[in-house]
Amino acid sequence: MYVAVKGGERAIDNAHAFLAEERRGDPAVAELGTDQIREQLRLAVNRVMAEGSLYDPDLAALAIKQARGDLIEAVFLIRAYRTTLPRFGAARPVATGTMACTRRISATFKDAPGGQILGPTFDYTHRLLDFKLAAEGGAVPDAPMQPAPSASLPHITTFLNRDGLIETAPPTDDTPPDLTREPMELPASRALRLQALSRGDEGFLLSLAYSTQRGYGRTHAFVGELRIGTVAVELDIPELGFAVEIGEVELTECETVNQFKGSKTEPPQFTRGYGLTFGQTERKAIAMSLVDRALRWQELGEDHTGAPAQDEEFVLMHADNVQATGFLEHIKLPHYVDFQSELELIRKLRAEVMAAQAEAAE
Amino acid sequence: MTPDALTGGFPDAPRNAARAFRAILDALSRPGEIVTLSGATPPAPLSQAAGVLVLTLADSTTPVHLAGATDCPALRDWITFHTGAPLVGAADAAFAIGRWDDLQPVSRFAVGTQDYPDRSATLIVEMPGLAASGSALSGPGIAGTALLSLPETEAFLLNNSLFPLGYDCFFTQGDSLAGLPRSTQVRAV
Amino acid sequence: MTDHSYNFAYLDEQTKRMIRRAILKAVAVPGYQVPFASREMPMPYGWGTGGVQVTAACLVPEDVLKVIDQGADDTTNAVSIRKFFQRTAGVATTVATAEATVIQTRHRIPEQPLTAGQILVYQVPIPEPLRFLEPRETETRKMHALEEYGLMHVKLYEDIARHGSIATAYAYPVRVEGRYVMDPSPIPKFDNPKLSDSPALQLFGAGREQRIYALPPFTRVVSLDFEDHSFHASKAPHDCDLCGASESYLDEVITDDAGNRMFVCSDTDFCRTRREAGHVGRLGKTAGGGA
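In short, a report on the structure. (Residues numbered from 1 in each chain as written. Chains lettered and ligands numbered in written order. Predicted model: local features only at pLDDT ≥ 70, side-chain atom pairs only at ≥ 80, totals over all residues. Heavy atoms only, no water.)

### Details of the overall build of chain C
Then, number 1: On a plain count of helices and strands, chain C comes out with 6 helices and 12 strands.
Then, number 2: Projecting the C-alpha coordinates of chain C onto the three principal axes gives extents of approximately 60 × 55 × 35 Å.
Then, number 3: For chain C, buried positions account for 65% of its 291 residues.
Then, number 4: In chain C, 61% of the contacts between residues at least 6 apart in sequence involve partners at least 24 apart.
Then, number 5: With the model as given, the accessible surface of chain C reaches about 10,000 Å², and the carbon-plus-sulfur share is 52%. (Helix = DSSP H or I, 4+ residues; strand = E, 2+ residues; numbered from the N terminus. Buried < 20%, exposed > 50% of the residue type's maximum accessible area, 1.4 Å probe, protein only. Contact = heavy atoms within 4.5 Å. Areas by Shrake-Rupley, 256 points an atom, 1.4 Å probe, with all protein chains shown as cover.)

### Concerning the overall build of chain B
Then, number 1: Helix and strand counts for chain B come out as 4 helices and 9 strands.
Then, number 2: Going from the N terminus to the C terminus, chain B shows its helices and strands as α-β-α-β-α-β-β-β-β-α-β-β-β.
Then, number 3: The globule rule puts the C-alpha radius of gyration for 189 residues at 16 Å, and the 16 Å found for chain B is close to it.
Then, number 4: A principal-axis box enclosing the C-alpha atoms of chain B has dimensions of 45 × 30 × 30 Å.
Then, number 5: By residue count, 57% of the 189 residues in chain B fall in the buried class.
Then, number 6: Partitioning the contacts of chain B with sequence separation of at least 6, the portion at a separation of at least 24 is 67%.
Then, number 7: For chain B, the accessible area works out to roughly 6,900 Å², and carbon and sulfur atoms hold 54% of it. (Rg over C-alpha atoms; globule rule 2.2 N^0.38 Å.)

### Examining empty space enclosed by the protein
All names here are of chain C.
Then, number 1: Throughout the structure, instances matching the rule amount to 4 cavities of 30 Å³ or more.
Then, number 2: Taken as a whole, the largest cavity spans an internal volume of roughly 130 Å³.
Then, number 3: Secondary structure elements with two or more residues in the lining of the largest cavity: α2 (49-58) and β8 (201-206).
Then, number 4: With 3 residues, α2 is the largest single contributor of residues to the lining of the largest cavity.
Then, number 5: In terms of residue class, the lining of the largest cavity is built from 4 nonpolar, 10 polar and 3 charged.
Then, number 6: When its volume is computed, the second largest cavity comes out at roughly 100 Å³.
Then, number 7: A per-element tally of the lining of the second largest cavity places helix α4 (residues 137-145) first, with 5 residues.
Then, number 8: Looking at the lining of the second largest cavity, its residues break down into 4 nonpolar, 4 polar and 5 charged. (1 Å grid on protein atoms, 1.4 Å probe; cavity = no way out; pocket = protein on both sides within 12 Å on 5 of 7 lines; lining within 4 Å. Points joined across faces, edges and corners; volume = space filled by probe spheres on them. Nonpolar A, V, L, I, M, F, W, Y, C, P; charged D, E, K, R; others polar.)

### What to know about the packing of aromatic side chains
Then, number 1: Taken as a whole and judged by the stated rule, the model has 13 aromatic pairs over all chains.
Then, number 2: With 5.8 Å between their ring centres and 80° between their planes, F156 of chain B and F171 of chain B make a pair best called edge-to-face. With F156 of chain B in helix α4 (residues 154-161) and F171 of chain B in strand β7 (residues 168-173), the pair connects residues that are 15 residues apart, well separated along the chain.
Then, number 3: On the basis of relative accessibility, which here comes to 0%, the residue F171 of chain B falls in the buried class.
Then, number 4: Both rings, one in Y122 of chain C and one in F204 of chain C, keep their centres 4.1 Å apart while their planes meet at 10°; by these two values the pair is stacked. Highlighted residues: Y122 of chain C in strand β5 (residues 119-123) and F204 of chain C in strand β8, separated in sequence by 82 residues. Here Y122 of chain C matches F204 of chain C in class, with each residue buried.
Then, number 5: Members of the aromatic cluster, connected to one another through ring pairs, are Y6, Y10, F84 and F85 of chain C. (Phe/Tyr/Trp six-rings, centres within 6.5 Å; stacked < 30°, edge-to-face > 60°.)

### Observations regarding the sheet that holds strand β9 (residues 185-187) of chain B
Residues and elements named next belong to chain B.
Then, number 1: Read across the sheet, 3 strands follow the order β6-β5-β9 without closing on themselves; strand pairing throughout is antiparallel. Each having just a single partner strand, β6 (146-148) and β9 make up the two edges of the open sheet. Between one strand axis and the next, the sheet turns by 35° as a mean value, whatever way the strands run.
Then, number 2: Here strand β5 (residues 135-138) pairs with β9 via 3 bridges, running antiparallel. Counted as the bridge partner of S138 is Q185 from β9. (Pairing = 2+ DSSP bridges. Axes fitted to C-alpha atoms, helices over the stretch in contact; angles between N-to-C directions.)

### Things to note about the pairing of strand β2 (residues 64-69) of chain C
All names here are of chain C.
Then, number 1: Taken across its 6 residues, β2 has 5 buried, putting it largely inside the fold.
Then, number 2: Inspection of the sheet shows β2 paired to strand β3 (residues 92-93) by 2 bridges, in the parallel sense. Each residue of the ladder has a partner; that of L65, found in β3, is T93.
Then, number 3: This β-α-β element, β2 to helix α3 (residues 76-89) to β3, shows right-handed connectivity. (Right-handed = clockwise from strand over helix to strand, strands pointing away.)

### Focus on the sheet that holds strand β2 (residues 221-237) of chain A
Residue and element names in this part refer to chain A.
Then, number 1: Strand order in the open sheet formed by 4 strands is β1-β2-β3-β4, and the pairing between neighbours is antiparallel. Unpaired on one side and paired on the other, β1 (100-105) and β4 (271-278) mark the two borders of the sheet. Adjacent strand axes in the sheet meet at a mean angle of 25°, parallel and antiparallel pairs treated alike.

### Things to note about the interface of chain A and chain C
Then, number 1: The interface is formed by 49 residues belonging to chain A together with 63 residues belonging to chain C.
Then, number 2: When chain A packs against chain C, the two sides together hide about 4,500 Å² of surface, and 57% of this comes from carbon and sulfur.
Then, number 3: Connecting chain A to chain C are 5 salt bridges.
Then, number 4: Across the pair R199 of chain A and E40 of chain C runs a salt bridge, and its minimum N-O distance is 3.3 Å.
Then, number 5: On the surface where chain A and chain C come into contact, there are 22 residue pairs in polar contact (both at pLDDT 80 or more).
Then, number 6: The biggest single contributor to the side of chain A that touches chain C is helix α12 (residues 336-361) of chain A, with 13 residues. (Buried area = accessible area lost by both parts, 1.4 Å probe. Salt bridge = Lys/Arg side-chain N within 4 Å of Asp/Glu carboxyl O. Polar contact = N/O pair within 3.5 Å; in protein donor to acceptor, adjacent residues only side chain to side chain.)

### Here we look at the interface of chain B and chain C
Where interface size is quoted, it is often the accessible area lost as the parts come together.
Then, number 1: Contacts between the two partners involve 42 residues from chain B, matched on the other side by 44 residues from chain C.
Then, number 2: Interface of chain B and chain C: buried area, both sides summed, is about 3,300 Å²; carbon and sulfur atoms make up 61% of it.
Then, number 3: Between D168 of chain B and K25 of chain C there is a salt bridge whose closest N-O contact spans 2.8 Å.
Then, number 4: Our enumeration of links across chain B and chain C arrives at 16 residue pairs in polar contact (both at pLDDT 80 or more).

### Some remarks on the pattern of salt bridges
Residue and element names in this part refer to chain C.
Then, number 1: Counting across every chain of the model gives 61 salt bridges over all chains.
Then, number 2: The closest approach of N and O atoms between D269 and R272, which form a salt bridge, is 2.5 Å. In this pair, D269 and R272 both sit in helix α6 (residues 268-276), 3 residues apart, roughly one turn of the helix.
Then, number 3: Classification of D269 by relative accessible area gives buried; the value is 3%.
Then, number 4: Taking relative accessible area as the criterion, R272 reaches 26% and is therefore assigned partly exposed.

In structure tokens, the structure reads:
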């Protein structure tokens with residue numbers, strides 16, 4: 001068998017060896033364990049799980065290590081792995097109303113049944129570099145404990161629901177579309193949009209959400225509730241005839257409460273934006289719920305103001321960072337054939353113009 | 001479940017399906033060309049070629065319609081076991097299998113939409129014989145003219161007139177298969 | 001050797017079936033872009049994932065695969081994709097166009113005429129020929145459905161008005177069998193005439209954009225033009241400096257700080273074959289002499 005081996009092949013092998021060496025860094029410094037990444041860089045792990053669409057903290061930690069901390073590269077590694085996994089079935093919808101919350105806050109009510117739970121948040125930390133962390137081995141004092149609430153915490157929006165002040169979203173048995181299995185078709189259903197947003201790039205969604213706050217498709221959002229915690233994942237086993245709990249996942253759920261002036265058919269009431277993401281990823285979940293709400297302008301009979309966040313096709317076609325980074329970076333690949341054809345074209349056009357000018361000068 | 005349902009599948013699915021697809025692709029890309037399909041043995045009355053084609057292309061996402069004699073317990077079980085394809089009526093079928101007469105009226109099958117002409121049915125027509133003679137074919141895939149023993153010409157003329165809409169056909173007999181995409185112009189000779 | 005930890009040709013069977021069905025519909029409607037549920041591949045989007053998925057769905061163990069990028073077999077991405085299929089499908093590979101049964105390409109059509117039984121798989125970045133005139137998929141889909149290609153003609157005519165000729169040098173749009181306007185991928189327009197009436201099957205895969213389209217053999221493909229400004233397949237007005245070929249597409253290579261340059265065939269196999277047959281260009285030595 002004749003196999004083409006030329007400069008390209010050796011260059012690639014050598015580049016890979018160089019990369020491995022750089023990944024390890026100074027061998028005099030202890031190697032980073034994936035368990036350390038999983039435990040101590042948990043928010044990075046969460047982001048990789050959320051955008052990678054795969055709940056596996058150990059694999060996410062491995063991807064972060066392999067990607068040298070480049071989180072988009074880590075998301076890509078997880079996605080490429082994810083597509084090779086067989087599918088055994090679809091879980092039942094998770095019941096976020098029974099979430100074991102580590103954090104639960106509402107900006108719309110001072111207090112609510114179940115109370116506000118701040119949880120592990122940066123919110124009220126002073127952003128001062130803590131040089132004690134640069135020193136090794138400092139033991140962390142135990143955080144005060146309180147028994148978990150015995151009853152499940154109801155969603156805050158259900159209180160508004162009772163008075164008919166907020167739109168309802170009745171549950172359906174429809175199978176949601178899956179953009180990892182079917183090509184994206186536009187216009188998209190809300191379920192498909194939410195899936196795309198949930199795995200979309202955090203930075204992209206953050207900026208879009210921010211743009212709605214600054215008036216580009218303003219939706220007057222309040223955080224009705226943000227909750228973070230674990231929920232059980234249940235799978236229907238047809239042979240057994242009932243659902244079995246197969247594990248639990250940590251989720252962040254955000255529901256915004258948005259002003260709605262009413263339409264010809266609907267009286268004024270509050271509307272909702274929704275965000276749901278893997279792990280503690282609250283910036284992402286809040287951004288997602290704002291963008292979700294902005295994208296609903298048509299269904300709610302609102303004006304299309306030309307804002308980017310209202311433009312479903314624009315948002316959905318550009319939210320995926322694995323697609324975006326691949327296409328962006330592909331311009332590093334050789335394009336000399338195309339460039340050559342452009343060179344010839346420019347030379348020809350220039351020659352024609354020069355000739356015309358020369359003729360005019362005579 | 002009938003006893004034959006569990007047997008007759010691909011012994012080495014990745015390679016069997018790869019070789020079968022390549023032959024199927026050849027047949028559809030070159031209307032009139034007759035190719036041979038092997039690797040699976042479906043229960044009667046399905047031909048080997050039609051059985052291999054079904055195993056290669058059908059799965060739980062592609063509804064299959066069985067017409068005429070092919071709509072029998074042995075075949076229903078075999079297709080369900082090996083592909084998981086839901087068995088449906090003609091209008092919802094991605095694939096429809098049967099003799100030409102049993103598939104009538106063919107106007108029942110999906111021809112796609114102007115936006116999505118690919119959302120159309122593929123007919124697998126079981127034939128008493130298959131030969132490079134009979135109707136004259138021309139169009140994409142054909143250098144000049146090719147001949148194929150079609151069951152008739154009128155229906156395919158009409159189907160071609162819908163282009164880019166239309167259904168696509170495979171004709172099968174024994175281990176032989178020929179393709180007729182909607183793009184082919186058909187003429188009686 | 002096949003890497004047994006992966007399925008034959010990497011993709012799982014369900015994914016291959018989905019791609020295979022899309023390829024067949026693409027063949028049935030030449031030039032129409034069939035949506036398919038493109039998978040994340042172990043190489044980045046934009047680096048040939050569409051072509052790789054189409055190739056993976058078509059390969060049989062007996063195939064002889066050639067992979068080129070910019071016409072060359074030894075460009076790094078071509079090497080990487082060839083290695084991928086050696087590892088996951090165990091197929092034989094070649095650099096010789098005539099020996100290949102499947103050729104995956106980025107940006108070129110080989111100079112040597114293709115033959116019946118060969119499949120040419122194109123990697124496509126933006127499959128929609130109307131995309132740069134109308135960014136919305138929902139709109140371009142309507143335009144194809146209604147055969148509304150006026151916008152494209154207006155754009156080309158504006159070029160003529162402004163520049164005296166059509167200012168598109170690559171990815172030059174074509175009309176397939178008088179129906180669909182199609183993007184031939186970013187091949188130089190020099191290659192456009194080879195699209196039409198080829199004995200080989202041509203398949204186009206766009207992974208990120210989730211589209212597959214096809215030109216069956218002997219399909220009529222016409223580059224868009226006007227009666228008074230007919231299409232012209234242009235190339236650099238030189239001969240290859242290594243093999244002397246006058247009819248091949250050329251790369252321009254800058255050879256020193258003074259800006260001297262040479263022109264060489266972009267199709268490395270074509271150039272090598274000619275030199276082995278004794279053809280010598282302005283700066284070339286015969287293949288034995290190690291040009």
